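# Structure at a glance
So the chains spell out like this:
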Amino acid sequence: MSTTAKNTSKKAGLTAEEKAAMRERARELKDKTDGESAVRAAIAKMSPKDRAIAKRLHELIKAAAPGLLPKTWYGMPAYAKDGKVVCFFRNAGKFKERYAMLGFNDSAKLDNGSMWPIAFALTELTAADEAKIRKLVKKAVG
């Protein structure tokens, strides 16, 4: 095996954080804990900054779309409709990133032409941000 092949295969592997997320997902599929408790536990494990954003997002999403059910998804707070995750919050510490993220899956009804955003970086939540999030979540659930 050449040096190049070794380096390539090493880079292609999963990081420790990705492996941990996969283990969390396997546990979630077996676990019978209610979604609200699981989301609150996931939020409690976050850094103080991410925890503050996650708590506020949790309140915003539940108020904007009461039909979405909270659950965890790869260890992240997520919100589902008909068993499919519509949106989720990925804290910055999850994969050692510089910012947290609010993401939407393909079940979200955010389609707008041939290209639209499905993820938003979050460093804090202003009143204007909260208004945008409410609007996005309402649109996402249709």
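Everything below is about the structure printed above this text.
What you see as residue numbers is a count from 1 along each chain, following the sequence as written. In keeping with the predicted nature of the model, local features appear solely for residues at pLDDT of at least 70, side-chain atom pairs appear and are counted solely at 80 or more, and the whole-chain, interface and lining totals rest on all residues. Note: side-chain values were computed over all heavy atoms of the structure, leaving out hydrogens and water.

Mapped onto the secondary structure, E24 falls in helix 2 (residues 16-30). Sequence separation between E24 and A140 is 116 residues; the distance between their C-alpha atoms is 26 Å. Only DSSP runs of H or I reaching four residues or more are called helices, and only runs of E reaching two or more are called strands; each is numbered from the N terminus.

When DSSP finds two or more bridges between a pair of strands, those strands are recorded as paired. Taken together, the 5 strands give an open sheet; going across it, the order is 1-2-3-4-5, and neighbouring strands pair in antiparallel fashion. Each end of this open sheet is capped by a strand with a single partner; those strands are strand 1 (69-73) and strand 5 (119-122). Averaged over all adjacent pairs, the angle separating strand axes in this sheet is 25 degrees, with direction ignored. Across 5 bridges, the pairing between strand 1 and strand 2 (residues 76-81) is antiparallel. For L69, the partnering residue across the bridge sits in strand 2 and is A80. Only heavy atoms enter the contact rule, under which two residues are in contact if any of them lie within 4.5 Å. Structural elements are reduced to axes, namely lines fitted to C-alpha atoms, with helices fitted over the stretch in contact, and the angle between N-to-C directions of any two is expressed from 0 to 180 degrees. Contacts from helix 4 (residues 48-64) reach strand 1, strand 2, strand 3 (84-90), strand 4 (100-104) and strand 5, with the element oriented near 150 degrees to strand 3. Those strands touched by helix 5 (residues 127-141) are strand 2, strand 3, strand 4 and strand 5, and its axis lies near 30 degrees from that of strand 4.

This part is about a positive patch on the surface. A cluster of basic residues, K19, R23, R27 and K45, forms a positive patch on the protein surface. In this structure, R27 sits in helix 2. A patch consists of residues exposed above 30% relative accessible area that lack any salt bridge, with like charges linked at up to 9 Å and nonpolar side chains (Val, Leu, Ile, Met, Phe, Trp, Tyr) linked at up to 5 Å. All accessible areas in this document rest on Shrake-Rupley with a 1.4 Å probe, and a residue is counted as covered only by the protein chains that are shown. For this analysis, a salt bridge means a side-chain nitrogen from Lys or Arg found within 4 Å of a carboxyl oxygen belonging to Asp or Glu. Two residue types count as positive, namely Lys and Arg, and two as negative, namely Asp and Glu; His and chain ends fall outside the count. A single reference atom marks each charge: NZ on Lys, CZ on Arg, CG on Asp, CD on Glu.

For the rest of this paragraph, the subject is the packing of helix 4 against helix 5. Between helix 4 and helix 5, the least distance of the axes is 9 Å, while the angle of their chain directions is 45 degrees. In this view, helix 4 runs oblique relative to helix 5, as classed from their interaxial angle. Helix-helix and strand crossings are classified by hand; for helix 4 and helix 5 the assignment is right-handed. Counted together, R56, L57, L60, I61 and A64 of helix 4 and E130, I133, R134, V137 and K138 of helix 5 form the full contact between these two elements. In this classification, the charged set is Asp, Glu, Lys and Arg, the nonpolar set is Ala, Val, Leu, Ile, Met, Phe, Trp, Tyr, Cys and Pro, and all remaining amino acids, among them Gly, are polar. For the contact of helix 4 with helix 5, the class distribution of residues is 6 nonpolar, no polar and 4 charged. An angle below 35 degrees is treated as roughly parallel, one above 145 as roughly antiparallel, one from 65 to 115 as roughly perpendicular, and anything else as oblique. Crossings are assigned a handedness: left-handed for a near helix turned anticlockwise from the far helix by less than a right angle, right-handed for a clockwise turn.

A separate point is a nonpolar patch on the surface. On the surface, L14, M22 and Y74 cluster together into a nonpolar patch covering about 270 Å² of accessible area. As for its position among the elements, L14 is in the loop between helix 1 (3-12) and helix 2. Only protein chains enter the accessibility calculation, which uses a 1.4 Å probe; a residue is then buried when its area is under 20% of its type maximum, exposed when over 50%, and partly exposed in between. For L14, a relative accessible area of 44% gives the class partly exposed.

The next thing to look at is unusual backbone geometry. With a phi close to 55 degrees, Y74 is a non-glycine residue in the positive phi region. Residue position: Y74 is located in the loop between strand 1 and strand 2. Under the relative-accessibility criterion, Y74 is labelled partly exposed at 31%. Phi is positive for D82, which is not a glycine, with a value near 55 degrees.

Okay, the packing of helix 3 (residues 35-44) against helix 4 next. At a minimum axis distance of 9 Å, the contact between helix 3 and helix 4 shows a crossing angle of 155 degrees. The angle between helix 3 and helix 4 falls in the class roughly antiparallel. Contacts between helix 3 and helix 4 pair E36, V39, R40, I43 and A44 from the former with R51, A54, K55, H58 and K62 from the latter. Residues of the contact of helix 3 with helix 4, tallied by class, amount to 4 nonpolar, 1 polar and 5 charged.

On their own, these measurements won't tell you what the molecule is for.
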